[in-house]
Amino acid sequence: MTRVAIFPGFILLLLTILVVIVLIKLFWKRPSVAAVIVLVVLSCLVFAYLFLGVSHQRTLPVYQRAHPVAEPLVRSAGPSAAIWLPGVEDEFEANIYPSKLSAARSLALRIDEPIRQLFGSQEWPDKGIVFESGHDRTLLEEFIKTAARKFSQIQWTIEPETVTVQPDEVGITLDLSVSQTGRPPWAVGDSSDAPLISKVTSGTYRASALYGNRRISLNAEFVEKPWIENFYGVWNSRPNKRLIIAKSSGSCLTGQEAERQAIVNACNQLTPLLRQTPRAQANPSLTRKVTPNDVLERGFILDRFSQKFDGRAGEIWRHALLIDASPDRMEQLAARKVVVARIQRWNWARMILSVAGLLALITVTYVFLNAATKGYYTWSLRIAGVVLAVAVIILFVV
């Protein structure tokens, strides 16, 4: 619980104790004096809280830009959880991959099943031919390297489409189907991006095994998220920004749980940066903790990636977020928290004034009824006053 919430609650607790003591002790013989004391004490508490508590927030009317010194602009979430360790994508099949390269690698690891279906009970082919088909050479070499590592009994080569597949060979073709192409989500509204990452694509890679006149294919979906596998590429594309990679901390059974873990990780990384802002340092009582709502509603998320694996015991999810933690954005969040804190204080002050007014009304009503009944129902009126006072306080607090 924060100091902003503790201080009004403590005041209400004091008010409750004060009202009960005053109503029971002082109202015994001098109700008018007790009423005056209650009003004076409540007024002092309200004005002390209202002006002393809020006045120290009125600092730094002009934003100050906080520049990190010797701090890397792209930061990971620290030691990766097991679900993010290298090789996880090689162990399980995923519903989507963060790059064309990882999609091609997955196809190479799973190409044995089409080959088995083509050759049946016969021996495996001696040679595997991957046709160029105009694909990027790096991608083809990654496919061959991955396939050779898993299927060492096959000799893999890259050949043009004109090569004829022999009876003891299997041909492999890779087909790319692009469903969407556009600027990186983290580059929208920013003209400083380097040509290195000028656009990203999403789509499907299809690997087909060919033998005779038969063809068996398998697919791998991908959406390019270069910040998952290439931190420095994104760094170079936004040289003046401070970026954070927030990842889910464990293996999750649902996508929602993985996303929640990634958001919590983002909050944990952003909180120290918020505390370093000039506005937060100038307001010691400010709630200097980043919440999930801050991350979701204040434009921190530049991009996100959600991936599902088909594990041995069921689905396994992981989630990652690309967070904009630039000094300007952190300063804006600090300014917002100052405004919210001020509003909360005024709301508490109005509530306390309302409680004080109702308690004063209860006191005046008690004095009037006690005088009208000439003291015959003193204890009944006192009990009723205490019950009403406690009810009023509980009503406003709850």
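The preceding data block contains the structure.
Structural notes, computed from the coordinates. Numbers given for residues are sequential positions, taken from 1 along each chain in its written order. Where totals are concerned, whole chains, interfaces and linings use all residues; where local detail is concerned, this predicted model gives features only for residues with pLDDT of at least 70, and gives and counts side-chain atom pairs only at 80 or more. The basis for every side-chain value is the complete set of non-hydrogen atoms in the structure, without hydrogens or water.

## Points about the pairing of strand β7 (residues 243-247)
Put simply, the test is: For every residue, the accessible area obtained with a 1.4 Å probe (protein chains only) is divided by the maximum for its type, and the residue is called buried under 20%, exposed over 50%, and partly exposed between those limits. Put simply, DSSP marks the helices as runs of H or I at least four residues long and the strands as runs of E at least two long, and each gets a number from the N terminus on.
Taken across its five residues, β7 has five buried, putting it largely inside the fold. Residues L243, I245 and K247 of β7 are buried on one face, and the alternating residues I244 and A246, pointing to the opposite face, are buried as well.

## Brief notes about the packing of aromatic side chains
Short version of the rule: Centres within 6.5 Å make a pair out of two Phe, Tyr or Trp rings, where for Trp the six-membered ring is used; the pair is then stacked when the planes are under 30 degrees apart, edge-to-face when over 60, and tilted otherwise.
Taken as a whole and assessed by the stated rule, the structure comprises four aromatic pairs. Ring geometry for F119 and Y211: centres 4.2 Å apart, planes at 35 degrees, overall tilted. Taken together, the residues span a long stretch of sequence, with F119 in helix α5 (residues 112-119) and Y211 in strand β5 (residues 200-211) at a distance of 92 residues. By relative accessible area, which is 5% here, F119 ends up buried.

## Concerning the nonpolar core
Here is the rule: Nonpolar cores were defined as sets of buried Ala, Val, Leu, Ile, Met, Phe, Trp, Tyr and Cys residues, with membership established by side-chain atoms within 4.5 Å. The contact definition used throughout considers only heavy atoms, calling two residues in contact when any of these lie within 4.5 Å.
With 46 residues, the main nonpolar core has L107, I115, W156, I172 and L174 as its most contacted residues. For this core, the element with the most residues is helix α6 (residues 137-150), which contributes five residues. With sequence-adjacent residues up to four places away left out, I115 is seen in contact with W124, P125, I154, W156, V170 and A209. One finds I244, C267, I301 and A334 within the second-largest nonpolar core, a separate group that totals 19 residues.

## Focus: a nonpolar patch on the surface
Note the cut-off: Residues enter a patch when their relative accessible area is above 30% and they make no salt bridge; the linking distance is 9 Å between like charges and 5 Å between nonpolar side chains (Val, Leu, Ile, Met, Phe, Trp, Tyr). Accessible surface area values rest on a Shrake-Rupley calculation with a 1.4 Å probe, where residue burial reflects the displayed protein chains alone. Counted as salt bridges are all cases of a side-chain nitrogen of Lys or Arg within 4 Å of a carboxyl oxygen of Asp or Glu.
Taken together, the side chains of W379, I383 and V387 define a hydrophobic patch exposed on the protein surface, amounting to about 330 Å² of accessible area. Looking at where V387 falls in the secondary structure, it is placed in helix α13 (residues 378-397).

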